[in-house]
Amino acid sequence: MFQDILVTGLVNGSAYALLAIGFSLIFGVARIVNIAHTAFYMLAAYCLYALLVRFGLGVPLSGVVAVVLVTLLSVACYRLVIEPVRQHEAAVLIATIALALIFQETMLSIFGGNYLGIPSAIEGVANVFGMGIPWQRLLILIVAGGMLGATWLLLYRTRLGLAIRATANDLEVANLMGMNVHRVAMVTVAISVGLAAIAGVAVAPVFVVDPFMWLAPLVTVLSVVVLGGLGSIHGSVIGALAIGYVEAITVFLLPQGAFLKGAVALSIMVIVLLFRPEGLFGVAFEEER
Amino acid sequence: MLPSRTLAAVWVVAVVLLPVVVPDPYVLRVAAMTCIFAAFAASWDLLAGYAGQVNFGHALFFGAGAYSSALLSLRLGFSSWLAVATGGLIATAVGLCVGYLCLRLRGSYLSLATLAFPLILIGILFAVPDFSGGELGITGLTPLATTRIGNYYVAAAAMLALVFGIWAFADSRFGLVLHAIRDDELAARASGIDTTRYKMAVFGISAAVAGLTGAFYAHFMRGAGPSTLETALSFQAVIWGVFGGLATIYGPVTAVFVLYPLTEWLGSFHAFGELRLLIFAIVVLLVLLFMPRGLTPWVRDRIETRCPRCKQQNPVWREICRVCSAPLHEHRARTPAQSPR
């Protein structure tokens, strides 16, 4: 029981962290609340399914192709749909909702509403410190850890990362300093959707794939970023692990836990917000007046 | 008469006369649902458009009204009308609670936190399936009227009363204060407005209207299920509000009257049945690309101009303002005088 909680919380938490960081980045840089974020994660899972099961490409190749395709799609969506209405906050909001619905319905009409299973990349159970962990879950952990490290390096050790952080901090000043804020926003969209797609590819073999699989993680990701503080990277990671563990504990310890896991996680978010309205590690954005 | 007022009058007449002209049960059913959702969308607009509290969980109030009125009339034997009214009251209480919790949150934090509340309620309802009916919900309610046409008129009359009530309310001094709070809460507070009290009030009123529509919906559908609390319904409210035009009240109502029958009509074609939501989303997306401020502001700009001096609306074909006689199209009015030809 204790081991189950430990492993499930860590694995789910790291998948949530991958999703939440991307969401947080887009919000920080472009001030877009991207409702379609987890829809891209769903698309990546379907893409992996199509390439792996229908076309029979190998696991590594289909994974990479799925991530690249979904990232390209996100850039196209940003250029064609979001950028023309950037001045109108409300329009951006429902444009992302509409995009998510379009993806959901397209997948529904192509693949149908059935639950689809994807075979694990690596079968078998690994033995870590005397605990049996399925390799696929360990793989999620390794991929998530690697991507989190890579994102940290990109943000804090490269010029691009500096530009992203500067734009998130103050868009106008970053623009005045000669940064191409539009390109920075586009690159940020690509990076964050890339992270979501990697998460989708990594977890697809563990969870089932269906057209509505984006809604539950969307709510979790929202609670993670609000808990950690919008726009804060390490806040997102810590919030993701916290929510992952809270869900795991609820599922394993409470009666009817599977129904209540979302409610408990969201209640914790609400309680934290009551005492710290900017989240645990919230970056104080200057008030745009 | 102003073109927009003519359109509003035509719409009211159409709503009232519909059962006489088209007594088809399917049309009446879709029209009644349209009416219910129109009032629901208008209540979202009061909260999000006017007061700037962009609520992503508006279905909470709808579901609270639907579930509480259904439970009251089935478990405690309330009469239908009393159950609807009590459902509205309970939704108001829920709205005040949410408003209190959200007082310190603003902007995106508020939107994302409010998304959580209906899902928390769904979780709790699913955990006590004997009481709430679980995933199937509660069924077996008595409708408010006995005939099909009567039921339509109940929905239509409720919608007209609620929508015009909200409209009058939003046009009053209260609405002006809400505009001020949305645009700059700090400045509003500095001008001596008790923003806390106003925000609580607008949450209560908006929740009351949404709860009443939920209660009407439950009695019209003869039951309440988890779909009344779903994220999809909350997003639906956001889409209707933004698509129609924020902070207008008539905008979201128009959006519902355009989009809801459109999706139902598309769904009635066999080929489109599966693609209905897809077409809906594409239509919303395309319209937004061309009218980012929403449908009704765009239409209103085409049929009316605003007097530059007294800010009154005028039909687009008038040369001088109907109130203060100022020339409406300044450049057009001056050109002959300035150029010698």
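Source: prediction; values computed, not measured.

Rules of the game
The residue numbers shown here count from 1 along each chain, following its written sequence. All chains are assigned letters beginning at A, and all ligands numbers beginning at 1, according to the order in which they are written. In keeping with the model being predicted, local features are shown solely for residues with a pLDDT of at least 70 and side-chain atom pairs are shown and tallied solely at 80 or more, while totals for entire chains, interfaces and linings include all residues. We count a stretch as a helix when DSSP gives it H or I for four or more residues in a row; a strand needs E for two or more, and each element gets its number in order from the N terminus. For the radius of gyration, the atoms used are the C-alpha atoms, and the globule rule reads 2.2 Å times the number of residues raised to 0.38. For every residue, the other C-beta atoms within 10 Å of its own C-beta are counted; 20 or more classify it as buried, 12 or fewer as exposed, and values in between as partly exposed. C-beta atoms are placed from the backbone. Residue pairs qualify as contacts under a 7 Å threshold applied to their C-beta atoms, which are placed from the backbone. By this rule, a helix spans an expected 1.5 Å times one less than how many residues it contains. Axis lines are fitted through C-alpha atoms, for helices just across the contact stretch, and the angle between N-to-C directions can take any value from 0 to 180 degrees. Any angle from 65 to 115 degrees is called roughly perpendicular, while one under 35 is roughly parallel, one over 145 is roughly antiparallel, and all others are oblique. Residues are grouped as follows: nonpolar covers Ala, Val, Leu, Ile, Met, Phe, Trp, Tyr, Cys and Pro; charged covers Asp, Glu, Lys and Arg; every other residue, Gly included, is treated as polar. Regarding the arc, it is the one traced by the directions from the helix axis to the C-beta atoms. In plain words, the nonpolar core is the set of buried Ala, Val, Leu, Ile, Met, Phe, Trp, Tyr and Cys residues that C-beta atoms within 7 Å link up. For the domain bounds, the source is a domain assignment made automatically or taken from a database. The predictor rates its confidence in each residue with pLDDT, a number between 0 and 100. Crossing handedness is defined as follows: a turn of the near helix away from the far one that is anticlockwise and smaller than a right angle gives a left-handed crossing, while the clockwise case is right-handed.

Q: What should I look at first to understand the overall build of chain A in this one?
A: The secondary structure content of chain A amounts to eleven helices and two strands. Of the regular secondary structure in chain A, the N- to C-terminal order runs α-α-α-α-β-β-α-α-α-α-α-α-α. Over its C-alpha trace chain A gives a radius of gyration of 19 Å, about what one expects of a compact globule, namely 19 Å for 289 residues. By its C-alpha atoms, chain A is 55 × 45 × 35 Å across when sized along the principal axes. For chain A, the residues scored as buried account for 52% of the 289 residues in total. Within chain A, contacts between residues separated by at least 24 positions form 73% of all contacts whose residues are at least 6 apart in sequence.

Q: Honestly, helix 5 (residues 107-127) of chain B in this entry has me stumped. Any pointers?
A: Side chains three or four residues apart in an α-helix point the same way, a direct result of the helix having 3.6 residues per turn. With 21 residues, helix 5 of chain B extends 32 Å between its outermost C-alpha atoms, agreeing within 8% with the 30 Å of an ideal straight helix rising 1.5 Å per residue. Most of helix 5 of chain B is tucked away, with 17 of its 21 residues classed as buried.

Q: Could you clarify how one ought to interpret the packing of helix 6 (residues 159-169) of chain A against helix 8 (residues 181-203) of chain A in this entry?
A: Geometrically, a packed helix pair is captured by the angle between its two axes and the distance between the axes. All names here are of chain A. Put simply, helix 6 and helix 8 touch, their axes get as near as 10 Å, and they point 105° apart. Here helix 8 runs roughly perpendicular to helix 6, going by the angle between their axes. Taking contact as the criterion, the partners of Leu160, Ala163, Ile164 and Thr167 in helix 6 are, on helix 8, Val181, Val184, Val187 and Thr188. Partitioning the contact of helix 6 with helix 8 into residue classes produces six nonpolar, two polar and no charged.

Q: Even after reading the chapter, I still don't get helix 8 (residues 173-183) of chain B, so can you show me in this structure?
A: Residues and elements named next belong to chain B. Within helix 8, the full set of buried residues consists of Gly175, Val177, Leu178 and Ile181. Along helix 8, the residues classed as buried sweep out an arc of 155° about the axis, all on the same side. Exposed residues on helix 8 whose side chains face more than 90 degrees from its buried face are Arg173, Leu176 and Asp183. Against helix 2 (25-50), helix 7 (148-171), helix 9 (185-190) and helix 10 (195-221) lie the buried residues of helix 8.

Q: Can you help me understand the interface of chain A and chain B in this one?
A: Interfaces are often sized by the amount of accessible area the parts lose when they come together. Chain A puts 37 residues into the contact, and the matching count from chain B is 36 residues. When residues of the side of chain A that touches chain B are traced back to their parent elements, those giving at least two are helix 4 (89-111), helix 9 (215-228) and helix 11 (257-275) of chain A. The biggest single contributor to the side of chain A that touches chain B is helix 4 of chain A, with twelve residues. Across the side of chain A that touches chain B, the residue classes tally to 28 nonpolar, seven polar and two charged.

Q: Looking at this model, I keep getting lost on the nonpolar core. Mind explaining?
A: If you look at soluble globular proteins, the nonpolar side chains tend to sit buried side by side. Counting residues in each nonpolar core, the largest one holds 211 residues, and the members touching the most others are Ala44 and Ile94 of chain A. Broken down by element, this core gets its largest block of residues, 16 residues, from helix 2 of chain B.

Q: Can you walk me through the domain arrangement of chain B in this structure?
A: You can read the domains of chain B as domain 1 (19-237 + 245-257) and domain 2 (307-341). In this structure, domain 1 of chain B and domain 2 of chain B have C-alpha centres spaced 42 Å apart.

Q: Explain the confidence of the model for chain B here, please?
A: Detailed reading of the predicted coordinates is not advisable wherever pLDDT is low. Residues and elements named next belong to chain B. Looking at chain B as a whole, its pLDDT mean stands at 88, while 95% of the residues score no less than 70. Confidence, read as mean pLDDT per element, is least for helix 15 (residues 330-338) in chain B (53) and greatest for helix 10 (95). Within the model, pLDDT remains below 50 along residues 337-341, and this stretch shows zero contacts once partners closer than five positions in the same chain are excluded. As a predicted assembly, this complex carries a pTM of 0.87 together with an ipTM value of 0.80.

Q: Is there a simple way to think about the packing of helix 12 (residues 250-268) of chain B against helix 13 (residues 276-290) of chain B in this case?
A: Residues and elements named next belong to chain B. Where helix 12 meets helix 13, the closest approach of the two axes is 9 Å, and the angle between their N-to-C directions is 145°. In this structure, helix 12 meets helix 13 at a crossing whose hand is right-handed. Contact residues: helix 12 offers Leu259, Thr263, Leu266 and Gly267, while helix 13 offers Arg276, Ile279 and Phe280. A breakdown of the residues in the contact of helix 12 with helix 13 according to their chemical character gives four nonpolar, two polar and one charged.

Q: Explanation requested: unusual backbone geometry in the structure shown.
A: In most cases, non-glycine residues show a negative phi, while peptide bonds are predominantly trans. In this model, Arg31 of chain A sits at a positive phi of 55°, which is unusual for a non-glycine residue. Inspection of the secondary structure puts Arg31 of chain A in the loop between helix 1 (2-30) and helix 2 (37-54). Its identity is not glycine, yet Arg222 of chain B carries a phi of approximately 60°, on the positive side. Structurally, the position occupied by Arg222 of chain B is in the loop between helix 10 and strand 2 (223-224).

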